[in-house]
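Reading the structure
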Amino acid sequence: MRIVRIIGYSFMALMLAGGWAFIYWLSSAVDLAAVDGTRAALAGLRAADAGWNQQLVNARLHARGAEPAASAPLAAPSPRYRLAYATLEVRALGLGNPLVGGELARLKRAFEEKAALIARFAEAQAALAGAQRGEPVDEAKLTELRAIADVLFDQAWFASTGPRLETLGRAIDRVFDEALTQAELYRVGLLFYSGFLLAVLAFLVWNLDQRRRQIDRINRQLREANETLEARVLERTSALSDA
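These notes cover the structure that comes with them. Just so it is clear, the model here is predicted, and its values are computed rather than measured.

Below, the discussion takes up the packing of helix α3 (residues 80-93) against helix α4 (residues 98-133). Look at α3 against α4: their axes get within 10 Å of each other, and the N-to-C directions meet at 175 degrees. The angle between the axes of α3 and α4 places the two elements in the roughly antiparallel class. From α3, Tyr-81, Tyr-85, Leu-88, Glu-89, Ala-92 and Leu-93 reach across to α4, where they touch Val-100, Gly-101, Leu-104, Ala-105, Leu-107, Lys-108, Phe-111, Glu-112 and Ala-115. Per-class residue counts for the contact of α3 with α4 are eleven nonpolar, one polar and three charged.

Written as structure tokens, this is what we have:
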């Protein structure tokens, strides 16, 4: 019976310790650093988009002769934005949130469309510059090329990259808030579970102390009974000897 009791106590202790370890692992598994890394990657892609917008403005000023010394003709967008997007994609997909994954796909399409529009606008700007240098100048062709360039500029300027970046940013912020809340819940659960374990430990210590006191009391009663019995035996022996 004692062996069964020891096995039962040991199993209960293992289960309680395993539960504490599991909750501690859950509280540590929430990777807030991954969310911060995703935010940093998103900031890099925002910077690339802002750079494109600045190039669009500079190219338009250059085409109109507003800032000929400070501006330069627009070149086709560098494919380096794909590297920034790939970094963002790796970090964002690591969050394991389907909403973030869906926004990533839409953001990629928006950047590809804007890159294509900027490339077409650069070609239109180059054609316009060539027509302006031609002799004689064809005003009708210049008007047509300016109209095409203006349409492409507006399409590139109002491309959906900005709204997509904001939407993805809000989704990442939501993931961060959820992860932070989850981490706090796990920490609170760990605190209460630790308190429960301390209560169980205190109860076991109290129970063991009560058992020890009970055993001591029984042993004392046995000693007193043995002493009384021995005294009675001696008295009886003495009485029998006198008789």
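Structure's up, so let's keep going.
Moving on: the side chain of Thr-38. You can see Thr-38 is positioned in helix α2 (residues 32-63). Under the relative-accessibility criterion, Thr-38 is labelled buried at 0%. A polar atom in the side chain of Thr-38 sits 3.3 Å from the backbone oxygen of Arg-91.

The tally for this structure, following the rule as stated, stands at six aromatic pairs. For the ring pair Tyr-81 and Phe-111, a centre distance of 5.9 Å and an interplane angle of 20 degrees mean the geometry is stacked. Taken together, the positions of Tyr-81 in helix α3 and Phe-111 in helix α4 put the pair 30 residues apart, joining distant regions of the chain. On the numbers, 5.8 Å between centres and 55 degrees between planes, the contact of Phe-121 with Phe-153 is tilted. Of this pair, Phe-121 sits in helix α4 while Phe-153 sits in helix α5 (residues 139-157), and the two are 32 residues apart along the sequence.

Turning to α4, a few remarks are in order. Relative to the 52 Å expected for 36 residues at 1.5 Å per residue, α4 spans 53 Å between its end C-alpha atoms, a close match to the ideal helical length. A distance of 2.9 Å separates the backbone nitrogen of Leu-99 from a side-chain oxygen at the start of α4, and that oxygen is part of Asn-97.

Attention shifts here to the pattern of salt bridges. Considering all chains together, one arrives at seven salt bridges under this definition. Notably, a salt bridge pairs Glu-103 with Arg-106, separated by 3.1 Å at the nearest N-O pair. Within this pair, Glu-103 and its partner Arg-106 are both found in helix α4, separated by three residues, close to a single helical turn. The shortest N-O distance in the salt bridge between Arg-213 and Asp-209 comes to 2.8 Å. Pair noted here: Arg-213 and Asp-209 are both in helix α6 (residues 161-242), with a separation of four residues, about one helical turn. Counted as one network, the salt bridges with shared partners bring together Asp-209, Arg-212, Arg-213 and Asp-216.

Another aspect to go through is a nonpolar patch on the surface. Together, Leu-198, Leu-201 and Val-205 make up a nonpolar patch on the protein surface, roughly 300 Å² of accessible area in all. In this fold, Leu-201 is placed in helix α6.

To continue, consider α5. The end-to-end C-alpha separation of α5 is 26 Å, in line with the 27 Å expected for 19 residues at 1.5 Å each. For α5, the set of buried residues is Leu-142, Leu-145, Ala-149, Leu-152, Phe-153 and Ala-156. Across the axial projection of α5, the buried residues extend over an arc of 105 degrees, all falling on one side. Residues Glu-139 and Ala-140 are exposed on α5 and point more than 90 degrees away from its buried face.

Now for the nonpolar core. Judged by nonpolar contacts, the single largest core of 31 residues is most densely connected at Leu-88 and Leu-168. Only α2, α3, α4, α5 and α6 provide two or more residues apiece to this core. Broken down by element, this core gets its largest block of residues, nine residues, from α4. Contact partners of Leu-88, with chain neighbours within four places excluded, come to Thr-38, Ala-41, Leu-42, Leu-45, Leu-104, Leu-107 and Leu-168.

The rules behind each value
Residues numbered from 1 in each chain as written. Predicted model: local features only at pLDDT ≥ 70, side-chain atom pairs only at ≥ 80, totals over all residues. Heavy atoms only, no water. Axes fitted to C-alpha atoms, helices over the stretch in contact; angles between N-to-C directions. Helix = DSSP H or I, 4+ residues; strand = E, 2+ residues; numbered from the N terminus. Parallel < 35°, antiparallel > 145°, perpendicular 65-115°, else oblique. Contact = heavy atoms within 4.5 Å. Nonpolar A, V, L, I, M, F, W, Y, C, P; charged D, E, K, R; others polar. Buried < 20%, exposed > 50% of the residue type's maximum accessible area, 1.4 Å probe, protein only. Polar contact = N/O pair within 3.5 Å; in protein donor to acceptor, adjacent residues only side chain to side chain. Phe/Tyr/Trp six-rings, centres within 6.5 Å; stacked < 30°, edge-to-face > 60°. Expected span 1.5 Å × (residues − 1). Salt bridge = Lys/Arg side-chain N within 4 Å of Asp/Glu carboxyl O. Patch = residues over 30% accessible without salt bridge, like charges linked within 9 Å, V, L, I, M, F, W, Y side chains within 5 Å. Areas by Shrake-Rupley, 256 points an atom, 1.4 Å probe, with all protein chains shown as cover. Arc of directions from axis to C-beta. Core = buried A, V, L, I, M, F, W, Y, C linked by side-chain atoms within 4.5 Å.

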